[in-house]
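Examining the three-dimensional arrangement
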Amino acid sequence: QDQLVESGGGSVQAGGSLRLSCVYDAYRYGTACMAWFRQAPGKGREQVARLDKKGVTVEADSVKGRFTISKDKAMNTLYLQMNNLKPEDSGIYYCAAAWTRGCFSDRPDDFLNWGQGTEVTVSS
């Protein structure tokens, strides 16, 4: 694939868990740095976690200890495991790819390729 395809979103109660998946084309994205972003209605796009070429991960303070980013190279899939979800976690979640500055950045503009998103809704 030349694209990034997210799945796994849904509606859960606060405290619940979801695992998001992003399938990618290994030829195109196998050496890329990848990240998960989210966007709530009326708000800007926010990076929640990223993974660099060496496998080093960084999570946003708002999700630290609750979300984990990982990659299964054999399955060409990026994951975001989300535990202890809160209502403020609600939004559209996107996977994104970068090759240079994006490896060390949380700025959406540094990521060149994006999936179409999968929606997460967390109720009280």
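Anything mentioned here points back to the structure above.
Quick caveat: nothing in here was measured; it's all calculated off a predicted structure. (Residues numbered from 1 in each chain as written. Predicted model: local features only at pLDDT ≥ 70, side-chain atom pairs only at ≥ 80, totals over all residues. Heavy atoms only, no water.)

This paragraph deals with the packing of aromatic side chains. A full pass over the atoms with the stated rule returns 5 aromatic pairs. The interplanar angle of 75 degrees and the centroid separation of 5.0 Å between the aromatic rings of phenylalanine 37 and phenylalanine 111 together place this pair among those described as edge-to-face. Here phenylalanine 111 lies in the loop between strand 9 (91–98) and strand 10 (113–114) and phenylalanine 37 lies in strand 4 (residues 33–39), a separation of 74 residues in the sequence. A relative accessible area of 0% places phenylalanine 37 in the buried class. Of the aromatic side chains, those joined through ring pairs into one cluster are Phe37, Tyr94, Phe111 and Trp114. For arginine 45, the ring lying beneath its charged end belongs to tyrosine 94, and the centroid distance is 4.2 Å. If you follow arginine 45 out to its NZ or CZ, it ends over the ring of tryptophan 114, 4.7 Å from the centre. (Phe/Tyr/Trp six-rings, centres within 6.5 Å; stacked < 30°, edge-to-face > 60°. Helix = DSSP H or I, 4+ residues; strand = E, 2+ residues; numbered from the N terminus. Buried < 20%, exposed > 50% of the residue type's maximum accessible area, 1.4 Å probe, protein only. Lys NZ or Arg CZ within 6 Å of the ring centre and 35° of its normal.)

Sheet architecture is open: 4 strands sit in the order 1-3-8-7, paired in antiparallel fashion. Looking at the sheet topology across the chains shown, the edges are occupied by strand 1 (5–7) and strand 7 (67–72). In this sheet, adjacent strand axes meet at a mean angle of 15 degrees when their direction is disregarded. Examined bridge by bridge, strand 7 and strand 8 (residues 77–82) share 6 bridges and lie antiparallel to one another. Within the sheet, the bridge partner assigned to serine 70 lies in strand 8 and is tyrosine 79. (Pairing = 2+ DSSP bridges. Axes fitted to C-alpha atoms, helices over the stretch in contact; angles between N-to-C directions.)

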